[in-house]
Amino acid sequence: MIHIIGGGLAGSEAAWQSAATGVPATIYEMRPVQKTDVHQTDRLAELVCSNSFRGDKLDNAVGLLKEEMRRLGSLVMQVADRVRVPAGAALAVDRAKFAEGVTEAIEAHPLIQVERGEIARIPASDEMSPLIVATGPLTSERLSAGIAAFVGQDHLAFFDAISPIVLAETIDMSKVFRQSRWDRSLGGGPTESDGDYLNCPLTKDEYLAFHDAIVTAEKAAVHDFDRTKFFEGCLPVEVMAHRGVDTLRFGPMKPAGLTDPRTGRWPYAVVQLRQDTLAGDHYSLVGFQTQLKWGEQARVLRMIPGLEQAEFVRFGMIHRNTYINAPTVLTETWQTRGRSDLFFAGQVSGVEGYVESAASGLIAGRNAARLVLGRPAIAPPRTTAIGALGHYVSHADPRHYDPSNITFGIIPPLASPPRSRQERQLATSRRALADLERWAREADDAIWRAAAAI
Ligand SMILES: Cc1cc2nc3c(=O)[nH]c(=O)nc-3n(C[C@H](O)[C@H](O)[C@H](O)COP(=O)(O)OP(=O)(O)OC[C@H]3O[C@@H](n4cnc5c(N)ncnc54)[C@H](O)[C@@H]3O)c2cc1C
């Protein structure tokens with residue numbers, strides 16, 4: 001049996017993978033006995049912010065990672081594909097149905113047990129082995145202290161900020177237009193020619209007034225301010241706005257590829273809204289994570305054309321993120337260097353994002369199960385996205401380690417790469433999928449032989 005602390009994306013995936021090889025798994029999940037500041041339900045794999053799993057095409061690194069996970073029998077991907085909502089070239093899901101789907105699958109599996117309650121320290125090998133710590137960015141304080149004691153001073157905490165969500169019926173549809181950037185739509189809108197995003201167009205004057213309001217709005221107080229540190233890809237809008245008057249127009253408010261049907265031209269700036277539920281009753285503001293005070297958010301965001309009367313289902317906010325300095329702690333199999341029956345997976349292991357968290361859980365779960373079956377832990381080839389992720393967390397420079405989303409930049413280059421960027425990325429993906437199939441066949445054969453021998 002394997003033990004997993006935390007029933008989030010990583011923990012659920014790890015349990016599923018272990019059970020798939022016939023090795024039972026127990027998940028220890030503290031909710032609802034003990035809550036986090038952000039989760040709202042007692043469901044496993046609850047998505048705490050955006051409902052997007054990001055790009056879903058093979059010319060995109062996270063699209064490749066998802067395809068690899070599908071081929072490795074990922075539970076997270078099976079459920080995500082089943083409850084997807086329209087989102088252009090991205091994979092977005094109905095968040096309630098997603099968590100429900102994962103929870104039902106885990107609870108119905110005869111080899112998986114879920115125990116509710118906090119684990120307040122890292123259990124020793126004679127108590128729980130193998131053990132996966134998958135407690136996420138909001139790891140409970142007591143366990144965080146235990147992790148800090150285990151990894152030493154390299155244990156870090158910092159902050160992220162999240163986007164607001166508005167009620168669809170309060171959006172003024174006469175001012176917005178439905179379209180996907182560059183018309184890359186799944187055709188999931190009300191009619192076939194519709195795009196997947198609602199776009200709020202701003203004129204130059206509207207944009208300048210909006211920019212001015214953002215830079216002068218009041219921010220919420222954040223404790224531990226001296227340690228506040230954000231990912232470049234997840235900067236609060238007000239931080240971007242402070243960098244220069246055009247920064248937002250070249251970031252989340254960029255108009256490129258969005259033609260306003262009323263003018264036949266790209267607007268000066270655009271705010272995109274993405275459907276957040278299957279029913280289409282909630283929309284999130286894409287890339288609008290913020291730490292402005294809630295009253296200020298309502299005032300400033302209602303300056304956006306189409307959102308003058310918007311009701312906010314959830315405001316943007318700032319949150320804690322707990323993760324280890326992975327390169328000093330982990331190997332590419334997600335085992336700790338100091339204790340080979342102890343794994344870290346998910347956001348706490350030093351990856352960033354839903355998909356990356358689930359992917360690390362997938363490999364950690366398989367490897368923990370392999371230990372039970374008397375086989376050594378193994379890592380997928382570095383030429384795959386999932387293997388590159390494990391290599392990155394275990395080999396990046398620990399002196400300035402930053403959790404990373406998957407990118408093509410951490411996959412080794414092709415021997416003779418095509419000239420065009422898109423062709424190069426597609427060729428990298430083709431190589432990855434071929435290498436993954438070969439690796440998985442060999443790894444699974446060995447597992448089945450080991451399982452049959454027990
Ligand atoms: C507010 C916020 C917004 C985010 N937004 C996004 C986003 O929009 N897109 C994105 O890709 N990523 C986002 N992330 C980052 C990250 O991808 C997600 O947090 C993701 O859920 C990580 O998966 P996980 O399995 O590692 O952790 P989680 O999904 O958080 O799962 C960890 C589980 O462990 C439990 N737990 C914690 N401590 C203990 C304990 N001591 N004992 C037992 N159980 C415990 C928790 O209750 C939780 O259920 C966000 C993170 C936060 C905090």
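Residues numbered from 1 in each chain as written. Predicted model: local features only at pLDDT ≥ 70, side-chain atom pairs only at ≥ 80, totals over all residues. Heavy atoms only, no water.

A. Quick look at the overall build of the protein chain. When its secondary structure is counted, the protein chain shows twelve helices and 16 strands. Here the protein chain has a C-alpha radius of gyration of 22 Å; the compact-globule value for 454 residues is 22 Å, and the two agree. Taken along the three principal axes of its C-alpha coordinates, the protein chain extends 70 × 50 × 45 Å. Per-residue burial for the protein chain yields a buried fraction of 58% across its 454 residues. Across the protein chain, every contact between residues at least 6 apart in sequence was considered, and the portion connecting residues at least 24 apart equals 71%. Accessible area of the protein chain: about 18,800 Å², with a carbon and sulfur share of 52%. (Helix = DSSP H or I, 4+ residues; strand = E, 2+ residues; numbered from the N terminus. Rg over C-alpha atoms; globule rule 2.2 N^0.38 Å. Buried < 20%, exposed > 50% of the residue type's maximum accessible area, 1.4 Å probe, protein only. Contact = heavy atoms within 4.5 Å. Areas by Shrake-Rupley, 256 points an atom, 1.4 Å probe, with all protein chains shown as cover.)

B. Structural view of the side chain of arginine 314. Along the polypeptide, arginine 314 turns up in strand S14 (residues 312–314). Looking at arginine 314, its side chain comes within polar contact range of the main-chain oxygen of valine 48, at 3.5 Å. Setting aside chain neighbours within four positions, we find arginine 314 in contact with Val48, Cys49, Arg95, Ile162, Ser163, Pro164 and Ile165. (Polar contact = N/O pair within 3.5 Å; in protein donor to acceptor, adjacent residues only side chain to side chain.)

C. How the structure looks around the site of the ligand. Of all residues adjacent to the ligand, which total 34 residues, the nearest are Glu29, Arg31, Gln347, Gly353 and Tyr354. One of the backbone N or O atoms of methionine 30 is found 3.1 Å from a nitrogen atom in the ligand. Note that an oxygen atom of the ligand is positioned 2.8 Å from one of the backbone N or O atoms of glutamine 347. Isolated, the ligand exposes 970 Å² of accessible area, and the fraction of that covered by the protein chains is 96%. Those elements giving two or more residues to the shell around the ligand turn out to be helix H1 (9–20), strand S2 (25–29) and helix H10 (354–372). Of the residues contributing to the shell around the ligand, the split by class is 15 nonpolar, 16 polar and three charged. (Near = heavy atom within 4 Å. Nonpolar A, V, L, I, M, F, W, Y, C, P; charged D, E, K, R; others polar.)

D. The arrangement of unusual backbone geometry in detail. The omega torsion across arginine 31 and proline 32 is 0 degrees, close enough to zero to call that bond cis. Unusually for a residue other than glycine, arginine 54 sits at a positive phi of about 65 degrees. Among the secondary structure elements, arginine 54 is positioned in strand S3 (residues 52–55). Classification of arginine 54 by relative accessible area gives partly exposed; the value is 27%.

E. Structural view of the packing of helix H3 (residues 75–82) against helix H4 (residues 95–108). The contact between H3 and H4 brings their axes to 9 Å, and the two run at 135 degrees. Judged by the angle between their axes, H3 and H4 are oblique. Judged by the twist between their axes, the crossing of H3 over H4 is right-handed. Each of Leu75, Val76, Val79, Ala80 and Arg82 in H3 lies in contact with H4, whose residues at this interface are Lys97, Phe98, Gly101, Val102, Ala105 and Ile106. (Axes fitted to C-alpha atoms, helices over the stretch in contact; angles between N-to-C directions. Parallel < 35°, antiparallel > 145°, perpendicular 65-115°, else oblique. Left-handed = near helix turned anticlockwise from the far one by under 90°.)

F. Quick look at the packing of H1 against H10. The interhelical angle for the contact between H1 and H10, taken along N-to-C directions, is 35 degrees, at an axis separation of 7 Å. The way H1 lies across H10 gives a crossing that is right-handed. Residues Leu9, Ala10, Glu13, Ala14, Gln17 and Ser18 of H1 lie in contact with H10, whose contacting residues are Tyr354, Ser357, Ala358, Gly361, Leu362, Gly365, Arg366 and Ala369. Here the residues of the contact of H1 with H10 sort into seven nonpolar, five polar and two charged.

G. Expanded view of the sheet that holds strand S5 (residues 90–93). Sheet architecture is open: three strands sit in the order S3-S5-S4, paired in antiparallel fashion. Whereas interior strands pair on both sides, the edge strands pair on one side only; in this sheet they are S3 and strand S4 (84–85). Where S4 lies against S5, two bridges are found, and the strand directions are antiparallel. Within S5, the residue paired with arginine 84 across the bridge is valine 93. Strands in contact with H3 are S3, S4 and S5; relative to S5, the strand with the most contacts, it is inclined by about 85 degrees. (Pairing = 2+ DSSP bridges.)

H. Inspection of the nonpolar core at higher detail. By size, the foremost hydrophobic cluster in this structure holds 87 residues, and its most contacted members are Phe53, Phe98 and Ile132. Sequence-distant contacts of phenylalanine 98, defined by excluding residues within four places in its chain, comprise Leu9, Ala45, Leu47, Phe53, Val76, Val79, Ala80, Val83 and Val93. (Core = buried A, V, L, I, M, F, W, Y, C linked by side-chain atoms within 4.5 Å.)

I. Seen up close, the environment of lysine 35. Within the secondary structure, lysine 35 is located in the loop between S2 and S3. Taking the C-alpha atoms as reference points, lysine 35 and glutamate 118, separated by 83 residues in sequence, lie 9.6 Å from one another.

J. Inspection of the packing of aromatic side chains at higher detail. Taken as a whole and assessed by the stated rule, the structure comprises seven aromatic pairs. Considering the side-chain rings of tryptophan 182 and tryptophan 266, the 5.6 Å spacing of their centres and the 80 degrees angle between planes classify their relative orientation as edge-to-face. Of this pair, tryptophan 182 sits in the loop between strand S10 (177–178) and strand S11 (197–202) while tryptophan 266 sits in the loop between helix H7 (237–243) and strand S12 (269–275), and the two are 84 residues apart along the sequence. Since its relative accessible area comes to 55%, tryptophan 182 is described here as exposed. With a centroid separation of 6.2 Å and 40 degrees between ring planes, the pair formed by phenylalanine 210 and phenylalanine 288 is classed as tilted. (Phe/Tyr/Trp six-rings, centres within 6.5 Å; stacked < 30°, edge-to-face > 60°.)

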